[in-house]
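# A closer look at the structure
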Amino acid sequence: MHRVYIDVIIVSSEKQKGSDTTYTYHHDQDASDSMAEGQIVYVPLASQTVIGVVLRVHTQSPSFTTKALITTTQFRLSNAQIALAHWMSRHYHAQLATMLGQFVTHAVVPPPELLWQISATGIDAPIHDLPEDERGLLFVLKQHHVLQESQLRSISGLSRSSLRKLQKWLVARGYITVVYRVVQANVTSSSVKYLCYVDHTQKVTPAQQRVIETITAHPNKKMPLASIGNSVHVKKLVQMNVCILVEEDEELAPIGTAVTLSQPQQQVVDTISQHRNHHATFLLEGVTGSGKTEVYFALIDACIAQGQQVLVLAPEIALTTQLAERFSKRFPGRVGVIHGQVTPSQRRQHWIKSLSSKLPIIVGPRSAIYVPQPHLGLIIVDEEHDTSYKSDFAPFIHARDAAIMYGKLAHVPVVLGSATPSVEIIHAAQQRRITHLQLPQRLDNTGTPISMPPVRVIDMRNEVCVDQYGLIGKTLASAITDTLALNKQVLLLLNRRGNAGARICRGCGAVARCERCSTPMAIHTSGSTRISTCHTCGSQRYPETHCKECYGVDFMEYGSGTQRIVEIIEHNFPETTVLQWDRDTADSAADHRSLLKMAQDTPNAVIVGTQMIAKGLDLPDIRLVGVINTDIALHLPDFRAAERTFQLLTQVAGRAGRRDATATVILQSYQVDNYAIQAAARYHSAQFYEEELRYRAHLGYPPFNRMIKLVWQHANMQTCEQRALSESRAILDALQADQRTRLIGPTPAFFSRVRGMYRWQLLIVTSTPRASLARIDALHHAIVDMDPVSLL
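Everything in this summary refers to the structure shown in the same document.

Cut-offs used in this document
Residues numbered from 1 in each chain as written. Predicted model: local features only at pLDDT ≥ 70, side-chain atom pairs only at ≥ 80, totals over all residues. Heavy atoms only, no water. Helix = DSSP H or I, 4+ residues; strand = E, 2+ residues; numbered from the N terminus. Expected span 1.5 Å × (residues − 1). Buried < 20%, exposed > 50% of the residue type's maximum accessible area, 1.4 Å probe, protein only. Contact = heavy atoms within 4.5 Å. Pairing = 2+ DSSP bridges. Axes fitted to C-alpha atoms, helices over the stretch in contact; angles between N-to-C directions. Disulfide = S-S within 2.5 Å. Parallel < 35°, antiparallel > 145°, perpendicular 65-115°, else oblique. Left-handed = near helix turned anticlockwise from the far one by under 90°. Core = buried A, V, L, I, M, F, W, Y, C linked by side-chain atoms within 4.5 Å. Polar contact = N/O pair within 3.5 Å; in protein donor to acceptor, adjacent residues only side chain to side chain. Salt bridge = Lys/Arg side-chain N within 4 Å of Asp/Glu carboxyl O. Nonpolar A, V, L, I, M, F, W, Y, C, P; charged D, E, K, R; others polar.

## Things to note about helix 13 (residues 344–355)
With 12 residues, helix 13 ought to run about 16 Å at 1.5 Å a step, and its terminal C-alpha atoms sit 16 Å apart, in line with that. Those residues of helix 13 lying buried are Arg-347, Arg-348, Gln-349, His-350, Trp-351, Ile-352, Lys-353 and Ser-354. On its buried face, helix 13 sits against strand 6 (71–76), helix 2 (96–103), strand 14 (309–313), strand 15 (335–337) and strand 16 (361–364). Of the residues flanking the end of helix 13, it is Ser-357, one or two places downstream, whose phi is positive at about 65°.

## Concerning the sheet that holds strand 35 (residues 757–766)
An order of 34-35-33-36 is seen for the four strands of this open sheet, with the pairing classed as antiparallel. This sheet does not close on itself; its edge strands, each paired only once, are strand 34 (741–754) and strand 36 (783–786). Taking the axes of each pair of neighbouring strands and ignoring which way they run, one obtains an average angle of 20° across the sheet. Across eight bridges, strand 34 lies against strand 35 in antiparallel orientation. Residue pairing across strands places Val-754 opposite Met-757, the latter belonging to strand 35. Packed onto the sheet, helix 23 (residues 769–776) meets strand 33 (706–714), strand 34, strand 35 and strand 36 and runs at close to 30° relative to strand 33.

## Observations regarding the sheet that holds strand 23 (residues 489–493)
Strand order in the open sheet formed by six strands is 22-32-31-23-30-29, with parallel pairing between adjacent strands. Each edge of the open sheet is held by one strand with a lone partner, namely strand 22 (455–459) and strand 29 (578–581). Adjacent strand axes in the sheet meet at a mean angle of 20° when their direction is disregarded. Strand direction decides the pairing type here: strand 31 (residues 622–627) and strand 32 (residues 664–669), joined by four bridges, are parallel. Paired with Val-625 across the bridge in strand 32 is Val-665. The strands touched by helix 17 (residues 562–572) are strand 23, strand 29 and strand 30 (606–609); relative to strand 29, the strand with the most contacts, the crossing angle is about 175°.

## With respect to the state of the cysteines
Under the criterion given, the structure shown has zero disulfides. The thiol of Cys-196 is unpaired, and the distance to the nearest cysteine sulfur, on Cys-243, comes to 8.2 Å. With no disulfide of its own, Cys-720 has Cys-517 as its nearest cysteine by sulfur position, at a separation of 14 Å. Residue class for Cys-720 comes out buried when judged on its relative accessible area of 2%.

## Focus: the environment of Ser-422
Mapped onto the elements, Ser-422 comes out in the loop between strand 18 (414–418) and helix 15 (423–430). C-alpha separation for the pair Ser-422 and Asp-785, spaced 363 residues apart in sequence, amounts to 19 Å.

## Remarks on the packing of helix 1 (residues 79–91) against helix 2
Where helix 1 contacts helix 2, the two axes come as close as 8 Å, and the packing angle between them is 135°. With respect to helix 2, the axis of helix 1 lies oblique. When you trace helix 1 past helix 2, the crossing you get is right-handed. Contacts between helix 1 and helix 2 involve Gln-81, Leu-84, Ala-85, His-86, Met-88 and Ser-89 from the former and Leu-96, Met-99, Leu-100 and Phe-103 from the latter.

## A closer look at the nonpolar core
Burial of nonpolar side chains together is a common tendency in soluble globular proteins. One finds Met-88, Leu-311, Ile-379, Trp-581 and Leu-710 to be the most contacted residues of the largest nonpolar core, which totals 107 residues. Excluding residues that lie within four positions of it along the chain, Ile-379 makes contacts with Leu-311, Ala-403, Tyr-406, Gly-407, Val-412, Pro-413, Val-414 and Val-415. Residues Val-268, Phe-282, Ile-361 and Leu-439 belong to the second largest nonpolar core, which totals 30 residues.

## Concerning the side chain of Ser-560
Its place among the elements puts Ser-560 in strand 28 (residues 555–560). Exposure remark for Ser-560: the relative accessible area of 10% places this residue in the buried category. One polar contact links Ser-560 to Arg-564, side chain to side chain, over a distance of 3.3 Å.

## A look at helix 11 (residues 292–305)
When the terminal C-alpha atoms of helix 11 are compared, their 20 Å separation across 14 residues agrees well with the 20 Å that a helix rising 1.5 Å per residue should span. Counting buried positions along helix 11 yields 10 of 14 residues, so the element is predominantly enclosed. Where helix 11 is concerned, the buried positions are Lys-292, Thr-293, Glu-294, Val-295, Tyr-296, Phe-297, Leu-299, Ile-300, Cys-303 and Ile-304. Looking one or two residues past helix 11, Gly-307 carries a phi angle of roughly 75°, positive in sign.

## Details of the pattern of salt bridges
For the structure shown, the criterion picks out 28 salt bridges. Here Glu-113 and Arg-181 are joined by a salt bridge, their closest N and O atoms 2.5 Å apart. On the criterion of sequence distance, the pair formed by Glu-113 in strand 7 (residues 113–118) and Arg-181 in strand 9 (residues 176–181) is long-range, its members being 68 residues apart. In this structure, the salt-bridge partner of Arg-461 is Asp-459, at a minimum N-O distance of 2.7 Å.

## Describing the packing of helix 4 (residues 132–144) against helix 6 (residues 160–172)
Following both chains from N to C, one finds helix 4 and helix 6 inclined at 80°, their axes separated by 10 Å at the closest point. On the basis of the axis angle, helix 4 is roughly perpendicular to helix 6. Contact with helix 4, carried on its side by Asp-133, Glu-134 and Leu-137, involves Leu-163, Leu-166, Trp-169 and Leu-170 of helix 6 and no other residues of that element. Each residue belonging to the contact of helix 4 with helix 6 can be placed in one class, and the counts come to five nonpolar, no polar and two charged.

On their own, these measurements won't tell you what the molecule is for.
Next up, the structure:
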């Protein structure tokens, strides 16, 4: 037994939230209990018990008295994960403790439980003399003696902050004591219980005989207990020793048979395979339907054969669900899916199996990057251009960029797959900072090249529509009729949910807006009920019966969403099944699976949805894709508006004709000459990137410079404005001498109020972002968003 000292950074303390202070503790260890950097531990901090990560282990005794750590966990972060957290801290201008906290999931390392324990003084206290809330809490504690704080919150109905105030009052008078209890997460075995038939001599009942026949039909006369159920007959057979229960590692089904790759696919695999076991970043640009997933499979096959693990990132739950199903069919029992709707138990199981290298493949959105993979051999970022890889809240981490750095730190190749790469990644490929690989041809089921579906751009200025809202032109309506007559499917895209975009008073022109945000309330329908919904904060209310400004009662609704398209299709094609696929109908992985199965089982359906149906949806019967309005995002005040439009149109066009070339795409537009629309219609991606890069270079926008967005938020409009203006002046004074830096703003944000907070923003365009941030760090209290993907 010898003493070591550990420097720990706290990742779960309220008092030290956002602090990068390290604390030194001592630990008396033996040979079986060695401490290492990255170890996740529970340590005391003031009166709390908190979770920390060990950054340094040493034997030098400090000059001050140290406390002993409380307990260790069986988990530790790898050197690559710690290095990645350091890089994210520097790159995104955030605290290291915050970044390390991303890797410590409460499903695996639960926070200590806070216990309220009544004292002898509290037991004897005359509760009738106490204030009402204190009296109620002490009364409950007298009955139970010890309760978790979460239990007290449930019993009392009080908020956490109110409960903490009462706790201080009761502790100060000696009525209660507060202690922390560390409860390690239950680690269930990943092995499987099998029921084995062993005794052929004993007499059994007919029901028991049927169980035996079921077992003996399986190889080696054994089958998983979960498959047959632990019935009374099974229990009796075990008691009689006719059958026995054995616990073994799960028997994995064999990996699926690989398809024969085309020559371009094999060349891509060979090129990437040459960089196995050391870092390189590859852009795999392949048209929709070119077989990028089969390339992924071939690369993963090679990794598994070498005992390596693979991280596969997908942009959101909808695409994660579809990818996971394909991966699970090809690699049965070897895929762990991680996303926000996975239960804590499932997340814990995946985390532990991955840590022990029993789970070769992790698939998920951006949070999957934090799952430990000690034998990582490959990182794949599918649909790398998707903006949902960037976190919506601070710290604003971009999972694609973090994955590239992770690959560099772990010395493994990184593959960025997309049919429409981001402009920044295309520029990096042109600068030869990453290797550009291409799959230029779409393939059918036999691997034979097929052509992309032709695209027609309909000028809506000259088109007659079949509905009163001007949404579906006669050309598109005729194409829908022809497609349904062939018993094939139609996919219609309108990137806006709901029935109507806003509600306006005819008397004074006032728009019904959210009470917490600056956005108009969209109108959604649920049966015969109409509901006003804010698409920013999610609040809902019934539509007003009179205008709040002039008390008028005559309203007009304008703008349309997916629900209105569904109504139009159902009216004009009453015999057709219409599937609505957006956030209103698919808010979970189970919803997506259900809709996908319905689409697969309904050959002549019309599928109506938002941008989520443009991502990775692979339905062989889609013969017509129609985009209701290509112009929705084109003129938003964001320099990426054209890029987003081009990507969305190209992606959704790729849903058509994925098994043969007999398909059509129709784009309805009022801006038919826009370069993004024309490039998408002609599949001229090189032309679009050339034009877009010329525009970005002229304005000095990314990728030719870096951008920092500073956002001020406050519940009071004047305070927010004054703070933004005054701090922006100080920032301007600090940066004006730098010829490589320019400022845009400050101005109210496009969404000037969100969830009750007013917002102002300032953009800093610079080639030296870290130096700029260092100069202004003490001059502002704004939220820092490095490399923002949205300026709204």
